[in-house]
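The primary structure of each chain is shown beneath.
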There are 2 protein chains.
Amino acid sequence: MGRFVIFLAFAVGNVAANGCTFKLKTFDVKVDHFSFTSTVTFPLRYLINDTFWNPSSRVAPIFIYTGNEGDVHWFAENTGLLCEFAPYFEAIIVFAEHRYYGWSMPFGNLSYSEPKYLRYLTSSQALADYVDLIEELKIAYPKQQKQHPTPVIAFGGSYGGMLSAWIRMKYPGVVTGALAASAPIWMFTNMTSCDAFNRVATSSYRITGGNECVDIIRKSWAAINRIGASDEGREWLTKTFKPCNPMNELSDIKLLKDWLVNMWVNLIMADYPYPANFSSPLPPYPVKVICKKIVDSVNDSSDDKQLLAGISEGATIFFNGTGNLKFMEFGTQCPPDSEVLGWGYQLCTEMVMPICDTGDTMFEKGDWDIESISDNCYKKYKVRPEVNYIRNMYGGKAISASSNIIFSNDPMDPWSTGGVLHNVSESSIAVLIPGGAHHMDLRPSDPLEPPSVKQARKLYRSVFKQWVNSLNDKF
Amino acid sequence: MGRFVIFLAFAVGNVAANGCTFKLKTFDVKVDHFSFTSTVTFPLRYLINDTFWNPSSRVAPIFIYTGNEGDVHWFAENTGLLCEFAPYFEAIIVFAEHRYYGWSMPFGNLSYSEPKYLRYLTSSQALADYVDLIEELKIAYPKQQKQHPTPVIAFGGSYGGMLSAWIRMKYPGVVTGALAASAPIWMFTNMTSCDAFNRVATSSYRITGGNECVDIIRKSWAAINRIGASDEGREWLTKTFKPCNPMNELSDIKLLKDWLVNMWVNLIMADYPYPANFSSPLPPYPVKVICKKIVDSVNDSSDDKQLLAGISEGATIFFNGTGNLKFMEFGTQCPPDSEVLGWGYQLCTEMVMPICDTGDTMFEKGDWDIESISDNCYKKYKVRPEVNYIRNMYGGKAISASSNIIFSNDPMDPWSTGGVLHNVSESSIAVLIPGGAHHMDLRPSDPLEPPSVKQARKLYRSVFKQWVNSLNDKF
């Protein structure tokens with residue numbers, strides 16, 4: 001989950017990812033799970049691997065990744081844990097695509113065209129999709145000893161992790177337990193200070209990128225404001241940062257700053273010790289690499305243009321690791337993809353996550369101005385955020401009645417500020433993974449990953465074993 | 001909950017019931033809680049008593065009756081437990097009206113006119129109404145020591161009990177615990193044998209009404225079929241049973257039998273030891289009274305007409321206890337009220353509760369024919385039942401992850417066949433109340449009630465105390 005997220009396109013077809021081969025399938029789900037007057041359905045995509053499945057086992061589970069805001073292939077590529085655990089658990093592996101993302105469009109090309117079509121893009125509808133899919137899979141893959149129920153473990157990272165936690169909370173009869181990795185379920189109004197996110201991000205940059213880098217980033221906002229104030233300056237910014245279209249208007253400056261904020265956040269989330277393709281292909285320790293490039297390039301200068309040119313050079317590593325892209329993906333004329341549109345809609349309805357800045361971080365000072373956000377949402381989507389919706393729907397901080405959920409977080413990941421960092425009940429527990437960045441624990445294991453990630457996986461294995469056993473008699 | 005339920009009209013205004021005075025209020029709720037594209041609201045009615053409320057108490061709870069299929073006044077009249085417990089707990093008492101019943105109509109007079117208006121009549125929407133109302137009440141009635149959360153206990157009987165159990169399962173952060181009295185949450189496809197209901201009803205009649213009465217009722221179906229086969233016979237039946245309009249058609253016979261089945265079921269549900277107004281005003285031990293009247297009147301005759309005349313005489317006590325009614329409320333031309341229409345719609349969508357008869361009870365042999373039910377539903381409402389909906393939505397039999405729910409049942413109440421009769425978790429427990437009929441434990445206490453009901457209430461008091469204490473430090 002970035003502030004907004006850029007995804008790459010993937011080919012459709014059977015795919016291999018992390019040592020598993022998946023069949024690409026679809027399952028018809030109701031467009032509206034919460035009424036009965038329409039029976040209209042649409043095909044929800046999912047990836048499935050049943051090669052490890054042992055129907056004669058009493059405990060073999062279904063592992064389901066509760067897909068988040070993007071193409072399902074992306075999550076299969078970036079999530080190795082299910083494939084690595086499946087042989088041991090003799091599990092079926094499923095990656096389910098979230099409605100309105102990838103190819104799972106309730107109304108085809110019209111899905112994003114009007115409020116009446118966007119109406120069914122909600123977390124509740126997505127969870128109900130997954131519930132119906134799970135029930136269908138239980139029928140499609142029966143146990144030989146029919147008296148033994150099939151345990152189901154839900155997995156998810158970031159928004160997908162919120163969904164995996166919530167599906168266990170809301171449907172504990174369907175889902176036995178959940179791993180919610182880097183899931184900021186408390187990143188909502190009156191649950192977390194809005195300034196915590198930027199503070200933690202800044203601390204992380206100090207540690208991984210160094211104070212000089214933080215200082216340059218901190219100064220960059222004023223530099224952009226100064227240069228962007230004139231036509232000539234915006235021409236220079238256009239040449240330097242290469243947006244989709246020239247920054248002719250003063251208001252275009254905000255788009256540049258938003259894009260940079262998004263980059264800094266994505267970089268710290270994806271600060272893995274090995275090359276990875278998170279929101280874009282990145283080298284190992286990308287924060288260190290990019291910060292070094294920027295610091296070297298700026299070379300202690302206090303000149304606005306030299307400072308911003310340095311940032312632009314660093315940004316190239318982020319946005320153009322493949323060398324194939326001509327433009328940074330921002331500007332009023334960038335073609336918006338469904339990920340940006342869809343997540344934008346979700347941010348404008350239920351996923352209202354306040355972020356503000358008191359002016360003492362590496363980001364620009366700024367209030368959380370819900371009125372102006374609401375007005376922008378109305379302009380864009382004809383909806384307004386409901387700030388208490390998630391609290392009322394999923395319990396907010398009052399989740400001590402939940403069970404069988406693992407909440408994992410790296411305390412240096414800024415999203416952890418909205419995460420569950422302490423045990424909330426006997427079996428809904430918090431796992432802290434220093435150095436784990438944004439859900440590294442879900443990624444394919446790697447010799448370079450920190451020991452904390454390895455330890456977390458060991459714990460998961462034994463907890464999962466308890467969960468599947470508790471649903472049956474014996475492993 | 002009868003097979004269908006007949007409610008009496010109540011005046012609107014402030015009301016006194018069971019020693020409490022209630023203010024009648026409304027609260028605007030969203031018509032659709034599961035989308036964001038419309039902000040249309042409607043006023044949901046509720047009754048509230050705040051005279052016992054102690055804002056300086058750390059533990060004083062909200063007691064909320066999660067209203068079922070009828071006018072909210074009816075539930076306040078028939079539910080004494082909340083008023084009796086409120087002084088001890090210093091509780092606010094709320095009776096919330098279920099959308100589409102009483103005066104809580106999302107689209108006014110149009111609410112029942114078309115599928116597009118009926119669309120929002122679902123248990124999920126009703127629960128979300130109650131959640132929003134509870135959150136509003138927490139704001140309207142703040143505690144003096146704001147750090148102390150307000151415990152909430154949900155109460156309900158029958159379908160209202162299903163709602164109270166489900167609101168705790170789905171929103172445990174909002175609702176601390178629930179008393180689900182005579183709530184048949186397992187009365188669904190593949191959870192309970194469809195023939196159990198009639199068997200238990202018959203056993204109850206044997207015990208309370210005697211074998212002779214059971215024998216007469218058992219014979220009555222064939223007698224109706226024989227007499228109803230001819231025009232002359234249906235004329236006689238019309239004169240004898242007084243429906244809204246003459247039974248000219250052969251198909252009218254089914255309406256008479258449905259009405260009688262409903263009566264027998266309602267009578268055994270309402271077999272209280274004191275006079276009460278359940279689905280109609282009844283004397284103490286109505287089954288015994290009516291059975292005696294029937295047995296005396298039939299007087300061992302095996303003549304069809306004498307047998308049915310006897311049943312008709314008994315029925316008068318049921319349907320016309322006040323002596324004011326001219327007709328039995330059945331026949332194609334009876335004006336349907338919202339209770340009948342609304343509950344009919346719910347039975348045709350999610351509340352699909354299979355009942356069948358193998359031919360060895362006091363009822364008529366009959367299969368559970370979901371195809372023909374589905375076709376009838378489509379004719380009537382343009383919807384079809386979704387038989388697994390409730391299982392997927394509320395967990396079916398897999399509710400061991402639930403907590404803080406009391407399921408109470410009289411094992412002789414036929415609805416107990418779909419009830420929870422054993423503990424499902426450490427704190428979701430079953431309470432059996434022999435002689436308790438259909439949720440007598442919720443009714444105003446009465447010197448004539450059996451000791452089992454008194455004992456149950458004693459238990460409730462101590463369990464509720466645990467619940468409210470567990471949410472705070474000290475009672």
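Within each chain, residues carry numbers counting from 1 in the order of the written sequence. The lettering of chains begins at A and the numbering of ligands begins at 1, in the order of writing. For this predicted model, a pLDDT threshold of at least 70 governs which residues receive local features, and a threshold of 80 or more governs which side-chain atom pairs are given and counted, while totals over whole chains, interfaces and linings are taken from all residues. Hydrogens and water molecules were not included; the side-chain quantities draw on all heavy atoms of the structure.

**Quick look at the state of the cysteines**
Each disulfide consists of one covalent bond between the sulfur atoms belonging to two cysteines.
Residues and elements named next belong to chain A.
Part 1 of the argument: A pair of sulfur atoms, both from cysteines and within 2.5 Å, is called a disulfide here. Counted under the stated rule, the structure contains eight disulfides over all chains.
Part 2 of the argument: Paired through a disulfide, Cys194 and Cys356 show a sulfur-sulfur distance of 2.0 Å. Because the sign of the S-S torsion sets the handedness, a value of about 80 degrees for the bond joining Cys194 and Cys356 places this disulfide among the right-handed ones. Residue Cys194 is located in the loop between β7 (177–181) and α6 (196–208), and its partner Cys356 is located in the loop between α12 (338–347) and α13 (370–381); the two are separated by 162 residues in the primary sequence. Strands here mean DSSP runs of E at least two residues long; helices mean DSSP runs of H or I at least four residues long; both are numbered from the N terminus.

**Digging into the relation of the copies chain B and chain A**
Part 1 of the argument: By a simple turn and slide, chain B fits onto chain A: the slide is 0.0 Å along the axis, the RMSD is 0.0 Å, and the turn is 180 degrees. The transformation just described matches what one would write down for a two-fold rotation axis. Rotation axis and chain B: the residue whose C-alpha lies nearest the axis is B:Lys170, separated from it by 2.8 Å.
Part 2 of the argument: Contacts: residue pairs with any heavy atoms within 4.5 Å of one another. When the interface residues of chain B are mapped onto chain A, 100% of them are again interface residues, pointing to one common binding face. Here the copies were fitted onto each other by least squares, based on C-alpha atoms from residues at pLDDT of at least 70 in both.

**Some words on α6(A)**
Residue and element names in this part refer to chain A.
Part 1 of the argument: The span one expects for a helix is its residue count, reduced by one, times 1.5 Å. Between its terminal C-alpha atoms α6 stretches 18 Å, which fits the 18 Å expected from 13 residues at 1.5 Å a residue.
Part 2 of the argument: Buried residues along α6 sit in contact with α7 (211–228), α9 (252–269) and α10 (286–298).
Part 3 of the argument: Directly beyond the C-terminal end of α6, a positive phi value near 95 degrees is found at Gly210.

**Re the interface of chain B and chain A**
Part 1 of the argument: Facing the 36 residues of chain B at the interface are 36 residues of chain A.
Part 2 of the argument: Across the chain B to chain A interface the summed buried area is about 3000 Å²; carbon plus sulfur atoms make up 56%.
Part 3 of the argument: Accessible surface is computed with a 1.4 Å probe, and the buried area is the amount of it that two parts give up when combined, taken over both parts together. Sorting the residues of chain B by area buried against chain A places B:Phe34, B:Phe36 and B:Arg119 first, and these three jointly supply 26% of that buried surface.
Part 4 of the argument: As a salt-bridge pair, B:Asp32 and A:Arg119 come within 2.8 Å of each other at their nearest N and O atoms.
Part 5 of the argument: Definition of a polar contact: a pair of N or O atoms within 3.5 Å, with one able to donate and the other able to accept a hydrogen when the atoms are protein atoms, and with sequence-neighbouring residues admitted only if both atoms are side-chain atoms. Where chain B touches chain A, the interface holds 13 residue pairs in polar contact (both at pLDDT 80 or more). The term salt bridge refers to a side-chain nitrogen of Lys or Arg lying within 4 Å of a carboxyl oxygen of Asp or Glu.

**Examining the sheet that holds strand β6 (residues 152–157) of chain B**
Residue and element names in this part refer to chain B.
Part 1 of the argument: Strand pairing requires that DSSP identify at least two bridges connecting the strands. Taken together, nine strands build an open sheet; the order of strands is β1-β2-β3-β5-β4-β6-β7-β10-β11 and the sheet is mixed. With one partner strand each, in any of the chains shown, β1 (15–17) and β11 (428–432) form the two edges of the open sheet. Along the sheet, successive strands turn relative to each other by an average axial angle of 25 degrees, direction set aside.
Part 2 of the argument: Direction of pairing for strand β7 (residues 177–181) relative to strand β10 (residues 405–409): parallel, over a ladder of four bridges. Bridged to Ala181 within β10 is Ser408.
Part 3 of the argument: Strands in contact with helix α2 (residues 81–89) are β1, β2 (20–30), β4 (62–66), β5 (92–96), β6 and β7; relative to β4, the strand with the most contacts, it is inclined by about 170 degrees.
Part 4 of the argument: Axes here mean lines fitted to C-alpha atoms, for a helix over just the part in contact, with angles spanning 0 to 180 degrees between N-to-C directions. Packing against the sheet, helix α15 (residues 451–471) makes contact with β6, β7, β10 and β11, and its axis sits at approximately 170 degrees to β10.

**Here we look at the pattern of salt bridges**
Oppositely charged side chains are able to pair whenever their charged atoms sit close together.
Part 1 of the argument: Under the definition given, this model contains 42 salt bridges over all chains.
Part 2 of the argument: For A:Asp304, the salt bridge is made with A:Arg226, and the minimal N-O distance between the two is 2.7 Å. With A:Asp304 in helix α11 (residues 304–319) and A:Arg226 in helix α7, this residue pair connects regions lying 78 residues apart in the sequence.
Part 3 of the argument: Of the charged contacts in the structure, one is a salt bridge between B:Glu449 and B:Lys454, with a shortest N-O distance of 3.8 Å.
Part 4 of the argument: We classify B:Lys454 as partly exposed; its relative accessible area is 40%.
Part 5 of the argument: One salt-bridge network, in which partners are shared between bridges, spans A:Arg45, A:Asp71 and A:Glu97. Relative accessibility under 20% of the residue-type maximum defines a buried residue, over 50% an exposed one, and the middle range a partly exposed one, all with a 1.4 Å probe and only protein chains included.

**A word on the sheet that holds strand β2 (residues 20–30) of chain A**
Each strand in a sheet pairs with another by means of backbone hydrogen bonds, the pair being arranged parallel or else antiparallel.
Residue and element names in this part refer to chain A.
Part 1 of the argument: Ordered by their spatial adjacency, nine strands build an open sheet running β1-β2-β3-β5-β4-β6-β7-β10-β11, and the pairing between neighbours is mixed. Single-partner strands in this sheet number two, and they are β1 (15–17) and β11 (428–432). Between one strand axis and the next, the sheet turns by 25 degrees as a mean value, whatever way the strands run.
Part 2 of the argument: Direction of pairing for β1 relative to β2: antiparallel, over a ladder of three bridges. Within β2, the residue paired with Ala16 across the bridge is Thr21.
Part 3 of the argument: Here helix α2 (residues 81–89) sits on the sheet in contact with β1, β2, β4 (62–66), β5 (92–96), β6 (152–157) and β7, set at roughly 170 degrees to β4.
Part 4 of the argument: Docked against the sheet, helix α5 (residues 159–170) engages β4, β6, β7 and β10 (405–409), running at close to 150 degrees with respect to β6.

**Quick word on empty space enclosed by the protein**
Part 1 of the argument: Method remark: on a 1 Å grid restricted to protein atoms, a set of points is classed as a cavity if a 1.4 Å probe fits but cannot get out and as a pocket if it is open with protein on both sides within 12 Å along at least five of seven lines; lining residues have an atom within 4 Å of a point. Grid points are joined across faces, edges and corners, and a volume is the space filled by probe spheres set on the points. Using the criterion set out here, one finds ten cavities of 30 Å³ or more in the structure.
Part 2 of the argument: Here the largest cavity is characterised by a volume of approximately 340 Å³.
Part 3 of the argument: Along the walls of the largest cavity sit 29 residues, with A:Met169, A:Pro172, B:Met169, B:Pro172 and B:Ala401 positioned nearest its centre.
Part 4 of the argument: Looking at the lining of the largest cavity, the elements with two or more residues in it are α5 and α14 (389–394) of chain A together with α5 (159–170) and α14 (389–394) of chain B.
Part 5 of the argument: Side-chain classes follow a simple rule in which Ala, Val, Leu, Ile, Met, Phe, Trp, Tyr, Cys and Pro form the nonpolar group, Asp, Glu, Lys and Arg form the charged group, and the remainder, Gly included, forms the polar group. Per-class residue counts for the lining of the largest cavity are 16 nonpolar, nine polar and four charged.

**Things to note about the environment of A:Tyr460**
All names here are of chain A.
Part 1 of the argument: Structurally, the position occupied by Tyr460 is in helix α15 (residues 451–471).
Part 2 of the argument: Judged by relative accessible area, which is 0%, Tyr460 ranks as buried.
Part 3 of the argument: For Tyr460 and Phe85, which are 375 residues apart along the polypeptide, the C-alpha to C-alpha distance reads 9.7 Å.
Part 4 of the argument: Leaving out residues up to four positions away in the same chain, Tyr460 has contacts with Leu81, Phe85, Leu179, Ile406, Ser408, Val431, Ile433 and Asp441.
Part 5 of the argument: A distance of 2.6 Å separates the side chain of Tyr460 from the side chain of Asp441, its partner in a polar contact.

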